[in-house]
2 protein chains.
Amino acid sequence: MLTETALADLAALFGTRLSTAQAVLDHHGQSESLISAPPPWAVVFPETTAEVSALAALADRHGFPLIGWGAGTSLEGHALALQGGVTVDFARMNRVLRVDPEDMIAVVQPGLTRIALNEDLRATGLFFPVDPGADASLGGMASTRASGTATVRYGTMRDNVLGLEVVLAGGEVIRTGSAAPKSAAGYDLTGLMVGAEGTLGLITELTLRLHGQPEAVSAASCAFPSVGAAVDCVIATIQTGLPVARIEFLDAATVAAVNAYSRLALPPAPQLLLEFHGSPAGVAEQAERFGEIAAGFGAEGFQWADRPEDRNRLWAARHQAYRAILATRPGATAVVTDVCVPISALAQAVAETTEDIAASGLTGPILGHVGDGNFHAILMVEPGNGAEAATAKALAGRMAERALRLGGTITGEHGVGFGKLPHMAAEHGAAWAAMGRIKRALDPKGLMNPGKLVP
Amino acid sequence: MLTETALADLAALFGTRLSTAQAVLDHHGQSESLISAPPPWAVVFPETTAEVSALAALADRHGFPLIGWGAGTSLEGHALALQGGVTVDFARMNRVLRVDPEDMIAVVQPGLTRIALNEDLRATGLFFPVDPGADASLGGMASTRASGTATVRYGTMRDNVLGLEVVLAGGEVIRTGSAAPKSAAGYDLTGLMVGAEGTLGLITELTLRLHGQPEAVSAASCAFPSVGAAVDCVIATIQTGLPVARIEFLDAATVAAVNAYSRLALPPAPQLLLEFHGSPAGVAEQAERFGEIAAGFGAEGFQWADRPEDRNRLWAARHQAYRAILATRPGATAVVTDVCVPISALAQAVAETTEDIAASGLTGPILGHVGDGNFHAILMVEPGNGAEAATAKALAGRMAERALRLGGTITGEHGVGFGKLPHMAAEHGAAWAAMGRIKRALDPKGLMNPGKLVP
């Protein structure tokens, strides 16, 4: 708990932007995972880097933990106050500070969401491509090293964050990276902070790499006779070097759910959704080449979506797949898992996972960013049903172990948080201890988002 | 100096692969920079990770520094034994361990050079794209976060190293990353080690991302009425999103040197050299679109090199530009500098640098990977002429300061080593101290390449 003096110091710093109202605490004590944790002791809403710095100094003096909060969309309990502490909600630090079209960069605050940024950018001819589906905050996306549907073409947050301003434990403010496209000047602190999940500091500003809005965009869907055929088609497409902008897999159960929820009429079979970006001629050529590859794997039922409204409808349906799946069992909740394997192991990983889920008795549609070797299972659980929750958790655990056995990683994009912590030793071995040494070097008192990521 | 027992322990471990012969020590006491340092106390040639690990344990016990050595091509004195110690020459760890065409990765030892790797890959239809010009070792390239002519399309070593095996101070061996295309599982230790210049550990194995050999390749050169016009053409090309594979700038002095040295007949004016990769139709479209952009900036004298032998001749000439420039003043040596700025500041940075060099009385042709905002000056110095060396050093220093003033970085690809150390505080401020904390966490005794990169 916070001492009287700590609370008084927080009140002096944040005034009415400090809250200990139960509703506010409870809101920040929930997550999109099944992990339960007590709510934080207090929530603050900073407006400036100086306030975050002063807050970190207070935390250091009084010894209370700090947990960053963006849009609350993380899936492994990243923003839960597992050991108590003060949640730092960046909702009021949500501005676009600068857009530089010549250098194709935007400087933004961490509470800004990706959709808000792209709305702001619309007239510039540029866009920010990392698209995890949820309208996550950019600070949160950087902290979890998020990626998503367009990563096969444009990369993850690792590739699209050029620089950061970070408040370290104790309150020191550092700047990492620069506006230059590359640098060889010392340790890549930007890369270290991206994916650190707030355990090394709080991100207060991001310099993001923007991309030109493609001149032409074309989207398509097509059905395959089997999961294996669809996945093998992805592998062949990637190996050909075809620069697909998105290549998403939906299994038959996901397709059925999406059809019902978003009133689409996709054939009830394993499906790929694609998008091509480029010049009009380039897009046409890519689509033609993909069609040839896909035909070799038995693809049928091509549906093209060249008009923006049709494309938007298709991708909205993809992004609502989670909700569509939940709607197939009213009242259900779900464990959303995330693994990533080498492309060559993707078909095996999906096949074994499908069998494992079928044998468990749970419903668990599979979908994913298969161009990256990354896929998810939405393991449906009746709220309050402990047996189902335990089965789902065990399935997710076996997916992580399977990914490691196949040369992959326990998480492609959701991050570690608390949920994947039990698998970190298996993935990293002695390197996990090295992460702990870095953590202690930058946060000796263990106040930055404790209980996550490191040993 | 090494104690008798330390030397005996080294001899027991390496046998005849330990050398204290003066010629061997002297060879490892030199560099491509003007930085002078005493030779190392001994040189070892390990053949296995286990030997490197045992060596690091010995170094820890006896307290002697370890300095990695690849091909000796680094430009800022990275591999000099500034504080004495044992140089670890990876010449005997130069094998390709595995190529996986399906996953488009290669697992290699650090002493392998990039040209040797690409020769090995030739039949696979894949290639490794990072091309710094020199035939550097891949361990060295990772350590300096090297990039080069193809980075505008394929990225730097940061983007093309998927995982590493690293021997830490004390001898612990860690593995970072995986064969999956992406991961969100904890701190990006791969990214931290890439660019760490051997100050956090010795790289003993690399998992590299390969790319498909392009179906079609086309190269071109064209001349511009001024430096500004050439640079502005690059800016416009990048902003259009044209996926050029290479876009290199040569100033008029470089063109004259290259013409003389490589018997080319490029027009004696500021020049861009380009390469396009893609499908035959894609390459033709890119070339046409570039031609339209370039015409708007007064480009003339287009020379196309579609045949492999013509292309190779053009790029061999580009890669020999350093030697070509040295040959314009027989017996001269040079300070090769490296800065990188935001694209929008590139024209100003090149113009101010050109003026500064002209005013100094030195000859210093300018060339660079301008698609990345990265350029070099080859500052010619008469050997033994202290005044010229001091002038060159001062010019290089002002280039670094100018890059920072324009929002860039003191080095785009050569790294810090010892040469750029004086500018690290100006670039990073408090973040440099954070680098020092990470260094001390992983190398508390300061034995891994001491005197470089960190405070």
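The structure presented is a predicted model; accordingly, all values stated were derived computationally and were not measured.

About the cut-offs
- Residues numbered from 1 in each chain as written.
- Chains lettered and ligands numbered in written order.
- Predicted model: local features only at pLDDT ≥ 70, side-chain atom pairs only at ≥ 80, totals over all residues.
- Axes fitted to C-alpha atoms, helices over the stretch in contact; angles between N-to-C directions.
- Helix = DSSP H or I, 4+ residues; strand = E, 2+ residues; numbered from the N terminus.
- Parallel < 35°, antiparallel > 145°, perpendicular 65-115°, else oblique.
- Left-handed = near helix turned anticlockwise from the far one by under 90°.
- Contact = placed C-beta atoms within 7 Å.
- Nonpolar A, V, L, I, M, F, W, Y, C, P; charged D, E, K, R; others polar.
- Least-squares fit on C-alpha atoms with pLDDT ≥ 70 in both.
- Domains from an automatic or database assignment.
- Buried ≥ 20, exposed ≤ 12 C-beta atoms within 10 Å, placed from the backbone.
- Pairing = 2+ DSSP bridges.
- pLDDT = per-residue confidence, 0-100.
- Expected span 1.5 Å × (residues − 1).
- Arc of directions from axis to C-beta.
- Core = buried A, V, L, I, M, F, W, Y, C linked by C-beta atoms within 7 Å.

Q: Tell me what's going on with the packing of helix H14 (residues 346–360) of chain B against helix H15 (residues 386–405) of chain B, and back it up with residues and numbers.
A: Residue and element names in this part refer to chain B. Between H14 and H15, whose axes approach to 11 Å, the crossing angle comes to 160 degrees. Taken together, the axis directions place H14 and H15 in an arrangement best described as roughly antiparallel. Here the hand of the crossing between H14 and H15 comes out right-handed. Of the residues in H15, those touching H14 at Ala-349, Glu-352, Thr-353, Asp-356, Ile-357 and Ser-360 are Thr-391, Leu-395, Arg-398, Met-399, Arg-402 and Ala-403. Its residues assigned to classes, the contact of H14 with H15 comprises 5 nonpolar, 3 polar and 4 charged.

Q: Run through the relation of the copies chain B and chain A, naming residues and quoting values.
A: In screw terms, the move from chain B to chain A is a rotation of 180 degrees and a rise of 0.0 Å along the axis, fitting with an RMSD of 0.0 Å. In the structure described here, the two chain copies are related by an operation that fits a two-fold rotation axis. Same-surface contact between copies: 100% of interface residues of chain B are shared with the interface of chain A.

Q: I'd like to hear about the domain arrangement of chain A, residue by residue, with values.
A: A common way to report how large an interface is uses the accessible area buried once the components associate. Residues and elements named next belong to chain A. Under the domain assignment used here, chain A contains domain 1 (4–91), domain 2 (94–212), domain 3 (216–320) and domain 4 (329–417). In this structure, domain 3 and domain 4 have C-alpha centres spaced 22 Å apart. Listed as interface residues are 16 residues of domain 3 and, on the opposing side, 14 residues of domain 4. Among the elements of the structure, helix H9 (227–240), strand S13 (246–250) and helix H10 (252–262) are those that each provide at least two residues to the side of domain 3 that touches domain 4. Here the side of domain 3 that touches domain 4 is composed, by residue class, of 11 nonpolar, 2 polar and 3 charged.

Q: Account for the pairing of strand S14 (residues 271–278) of chain A, naming residues and giving values.
A: Residue and element names in this part refer to chain A. For S14, a buried count of 8 out of 8 residues is recorded, marking the element as mostly surrounded by other parts of the structure. Sheet topology places strand S12 (residues 216–223) next to S14; 8 bridges connect them, and they run antiparallel. The residue bridging Val-217 from the neighbouring strand is His-277, located in S14.

Q: Talk me through the sheet that holds strand S3 (residues 66–69) of chain B; I want residue IDs and the actual numbers.
A: Whether parallel or antiparallel, the strands of a sheet pair through hydrogen bonds between backbone atoms. Residues and elements named next belong to chain B. Pairing within the open sheet is mixed, and its 4 strands lie in the order S1-S2-S4-S3. Either end of the sheet is taken by a strand with one partner, and the two such strands are strand S1 (18–19) and S3. Two elements, S1 and strand S2 (residues 42–44), share 2 bridges in a ladder whose sense is antiparallel. Along S2, the bridge assignment pairs Leu-18 with Val-44.

Q: Please set out the packing of helix H11 (residues 280–295) of chain A against helix H11 (residues 280–295) of chain B residue by residue, giving values where relevant.
A: It is at 10 Å that the axes of H11(A) and H11(B) come closest, and there the two elements cross at 170 degrees. By the angle between their axes, H11(A) is roughly antiparallel relative to H11(B). Of H11(B), the residues touching H11(A) (which contributes Ala281(A), Gly282(A) and Glu285(A)) are Ala281(B), Gly282(B) and Glu285(B). Residue composition of the contact of H11(A) with H11(B), by class: 2 nonpolar, 2 polar and 2 charged.

Q: Tell me about the environment of His423(B), residues and numbers included.
A: Residue and element names in this part refer to chain B. Tracing the backbone shows His-423 in the loop between H15 and helix H16 (424–428). Judged by the 22 C-beta atoms lying within 10 Å of it, His-423 is buried. Considering only alpha carbons, one finds His-423 and Val-217, 206 residues apart in sequence, at a separation of 40 Å. Residue contacts for His-423: discarding those within four places in its chain leaves Ala-400 and Ile-410.

Q: Run through unusual backbone geometry, naming residues and quoting values.
A: One non-glycine residue with positive phi stands out, namely Arg145(A), at about 50 degrees. By the element assignment, Arg145(A) lies in the loop between helix H5 (138–143) and helix H6 (151–154). For Arg145(A), a count of 31 C-beta atoms within 10 Å translates into the label buried. Positive phi, normally seen in glycine, also occurs at Glu197(B), with a value near 55 degrees. Looking at the secondary structure, you find Glu197(B) in the loop between helix H8 (189–193) and strand S10 (202–209).

Q: Please set out the pairing of strand S5 (residues 96–100) of chain B residue by residue, giving values where relevant.
A: Residues and elements named next belong to chain B. Where S5 and strand S6 (residues 105–108) come together, 4 bridges link them in antiparallel fashion. Paired with Val-99 across the two strands is Ala-106, which belongs to S6. Between S5 and S6, which follow one another and run antiparallel, lie 4 residues, and Met-104 among them has a positive phi close to 55 degrees.

Q: Go over the interface of chain B and chain A with me, naming the residues and quoting the values.
A: In this assembly, 73 residues from chain B lie in contact with 74 residues from chain A. Here the element with the most residues in the side of chain B that touches chain A is helix H17 (residues 430–442) of chain B; it accounts for 9 residues. Looking at the side of chain B that touches chain A residue by residue, the classes come out as 30 nonpolar, 27 polar and 16 charged.

Q: I'd like a rundown of the sheet that holds S6(B), residues and numbers included.
A: Residue and element names in this part refer to chain B. Reading across the sheet, the 5 strands line up as S5-S6-S10-S8-S9 and stay open at both edges, with antiparallel pairing between neighbours. In this open sheet, the two edge strands, each paired with only one partner strand, are S5 and strand S9 (173–177). Between one strand axis and the next, the sheet turns by 10 degrees as a mean value, whatever way the strands run. Pairing analysis gives 6 bridges linking strand S8 (residues 161–167) to S10, with the strands arranged antiparallel. What sits directly across from Leu-164, in S10, is Leu-206.

Q: Talk me through the confidence of the model for chain A; I want residue IDs and the actual numbers.
A: Put simply, chain A has an average pLDDT of 95, and 100% of its residues get 70 or more. For this predicted complex, the interface confidence score (ipTM) comes to 0.96, while the overall pTM stands at 0.96.

Q: Could you give an account of helix H17 (residues 430–442) of chain A, with specific residues and numbers?
A: Its 13 residues give H17(A) an end-to-end C-alpha distance of 19 Å, which sits within 8% of 18 Å, the value for a rise of 1.5 Å per residue. If you check which residues of H17(A) are buried, you get Ala431(A), Trp432(A), Ala434(A), Met435(A), Ile438(A), Lys439(A) and Leu442(A). Looking straight down H17(A), one finds that the buried residues subtend no more than 155 degrees of arc, so they occupy a single side. On the buried face of H17(A), the contacting elements are helix H16 (424–428) of chain A together with S9, H8 and H17 of chain B.

Q: Mind laying out the nonpolar core, listing which residues take part and the relevant values?
A: With 304 residues, the main nonpolar core has Leu379(A) and Leu379(B) as its most contacted residues. Not counting residues up to four positions away in its chain, the partners in contact with Leu379(B) are Ala334(B), Val335(B), Thr337(B), Leu362(B), Gly364(B), Ala392(B), Leu395(B) and Ala396(B).

Q: Run through the environment of Leu55(A), naming residues and quoting values.
A: Residue and element names in this part refer to chain A. Residue position: Leu-55 is located in helix H3 (residues 49–62). For Leu-55, a count of 24 C-beta atoms within 10 Å puts it in the buried group. Note: C-alpha distance between Leu-55 and Arg-398 (343 residues apart in sequence) is 40 Å. Apart from the residues within four sequence positions on either side, Leu-55 is in contact with Leu-13, Val-44, Pro-46, Leu-66 and Val-88.

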